[in-house]
Each structure stands twice: as structure tokens, then as C-alpha cells.
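Each chain, written out:
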Amino acid sequence: MGINVKATERNVSFEKNKEKWAYVMMPETYSTLVASKVIAEASVRSGIPKGSLNAAWAAIGDVVSAWTTEGHSVAIPGLGYIRFGIRSASVPSVNEVSTKLISSRRVIFTPCSDIRKELASTPINITCYDRNGKLVKRVNSSNSDISGGFAVVLKVNDEKMGSVSGAGNYDDGTEVTITATPASGYRFDKWSDGNTSASRILTVTGDVTLTANFVADETEEVPTV
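The structure displayed is predicted, hence computed values, not measured ones.

### Examining the pairing of strand β4 (residues 80–88)
- Pairing between strand β3 (residues 74–76) and β4: three bridges, direction antiparallel. Bridging from a neighbouring strand, A75 pairs with Y81 of β4.
- Turn length for the β3-β4 hairpin, with the two strands adjacent in sequence and antiparallel, is three residues, and the turn residue G78 shows positive phi of about 75°.
- Here β4 pairs with strand β5 (residues 102–111) via nine bridges, running antiparallel. Bridge pairing in β5 links I86 to R105.

Okay, structure coming up:
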């Protein structure tokens, strides 16, 4: 686990006909989790019906929106606080003060201490690409250069159906055991490359991404979500 970051070599010069290349880092983005998926997962974890959570979600959203626009700093459970802010130009005379000086209105989020601590302790994995898109280096939070290895990335078609293990960075030729473990009420179907063995040995010869596909186990009762 950790935060995955891409370091991409880009021309950062703002001068015409002049190049200045540097590695620019940005977190890798993941899929957007829409409200319905968040509510469904919260229902599974808490046992509260989705209908009740839907109503609570809408009510909380209305309260947060109303209070933040009134100037309050509003708590977001387990995360921190949000409030509205602005960007504006400054002027030397009070006679020049005007709403026209406001260039943008923003939402400002202040994480709570627990979130800050968790982020500070979360490992960082950096993958570096040169200007041609070639992978040239990998490095992690301990500043260990792992450029000689290859990445094994494992995913699942639905996180509530099961989990996977064996992902990581490995040297060329390493034999790695990857395993797909279904959750209660589901069974492993196959990997995205067509292999149907839930646990298998993978010989690493390059970067590889595999998705474990799980399906409902008709012999068991599937948890209500």
C-alpha cells in the first residue's frame, strides 16, 4: 500500500524557443468514486440500509453547503473541516475596494490531525518517465532505487468481492506467487489474462498489470448491499 506518484520529464521553460527539462511529480489519479458507490460501501461496513444512508447523505450535504456559505468552518467526519474562501487583488485605497477585485471563490479544506499523521506515514512510490515516455527509474519513501526491477500491479473488478496479494516491484526473472482471495458470498472466476488459477506463480519479465475477476457464488448467500 502507498501513494503512487509519477515523475515525468517535461519542458518547464516559459521562454519561447528555449528548453528547460525537469522531472515533475504528480500523484497518480484513480477512478472517481461516485456517491452511490460510497453509500453502498458504507452500507456494507455499517449494516445501515442504503436508503437511510442516501437520506443522511443528502441532509448532511445540504447542511454543509448552507453553513459553509454562511461563513462557518464545517466538520467533515473523519477528515477535517471545509470553508469557503476567495482570491482577490489588493488595492491601496479603501475607495477602490470592490467585489470586482475578487478573482475566484474557493473551497478550502483543512485536514484533521489524524489524517495529517496518516498521510505523513503513508509510503510513497515514485515511477519516473523520461521525455519519451520510457520508464527510467523507480524509488520509494526510503529513497531506495528500485530501477532494476519491474512492477507487478494487481487489481480487482470489485473491491467488495475479494482481494489480491503479491503485487510489488521485482527483479527480472523473479518467480512471484500472486493470489486472489474471494470475500464471503463470492468466488474467483479468472484473471484478466484468462488464467483461472486463484493462486499462481508469475515469472516477472517486465511490467505487468492483472485484474482478478470475482463473481457471485450461487451456492452461498450474497451479502445485501
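### Points about the pattern of salt bridges
- Across all of its chains, the model carries six salt bridges by this definition.
- K160 is paired through a salt bridge with D158; the nearest N and O atoms lie 2.8 Å apart.
- Owing to a relative accessible area of 30%, K160 belongs among the partly exposed residues under this scheme.
- D158 sits in the buried class, given a relative accessible area of 16%.
- Across the pair R200 and D193 runs a salt bridge, and its minimum N-O distance is 2.9 Å.
- For R200, a relative accessible area of 12% corresponds to the buried category.

### What to know about the sheet that holds strand β13 (residues 199–203)
- Strand order in the open sheet formed by three strands is β9-β11-β13, with antiparallel pairing between adjacent strands. Only two strands of the sheet have a single neighbouring strand rather than two, namely β9 (162–165) and β13. The average undirected angle you get between the axes of adjacent strands in this sheet is 20°.
- Pairing analysis gives five bridges linking strand β11 (residues 175–182) to β13, with the strands arranged antiparallel. Looking at β13, one finds that E175 is bridged to T203.

### Brief notes about the sheet that holds β3
- Taken in spatial order, the three strands line up as β3-β4-β5 in an open sheet, and their pairing is antiparallel. Strands with a single pairing partner mark the edges of an open sheet, and in this sheet they are β3 and β5. Here the strands of the sheet are splayed against their neighbours by 35° on average, with no regard to which way each runs.
- Its contacts with the sheet place helix α2 (residues 50–69) against β3 and β4, and it is angled at close to 40° to β4.

### Let's talk about the environment of A7
- One can find A7 in strand β1 (residues 3–11).
- The exposure class of A7 is buried, given its relative accessible area of 3%.
- Look past the residues within four positions of A7 in its chain and what remains in contact with it is Y23, V24, M25, I126, T127, C128 and Y129.

Reading guide: rules and limits
- Residues numbered from 1 in each chain as written.
- Predicted model: local features only at pLDDT ≥ 70, side-chain atom pairs only at ≥ 80, totals over all residues.
- Heavy atoms only, no water.
- Pairing = 2+ DSSP bridges.
- Helix = DSSP H or I, 4+ residues; strand = E, 2+ residues; numbered from the N terminus.
- Salt bridge = Lys/Arg side-chain N within 4 Å of Asp/Glu carboxyl O.
- Buried < 20%, exposed > 50% of the residue type's maximum accessible area, 1.4 Å probe, protein only.
- Axes fitted to C-alpha atoms, helices over the stretch in contact; angles between N-to-C directions.
- Contact = heavy atoms within 4.5 Å.

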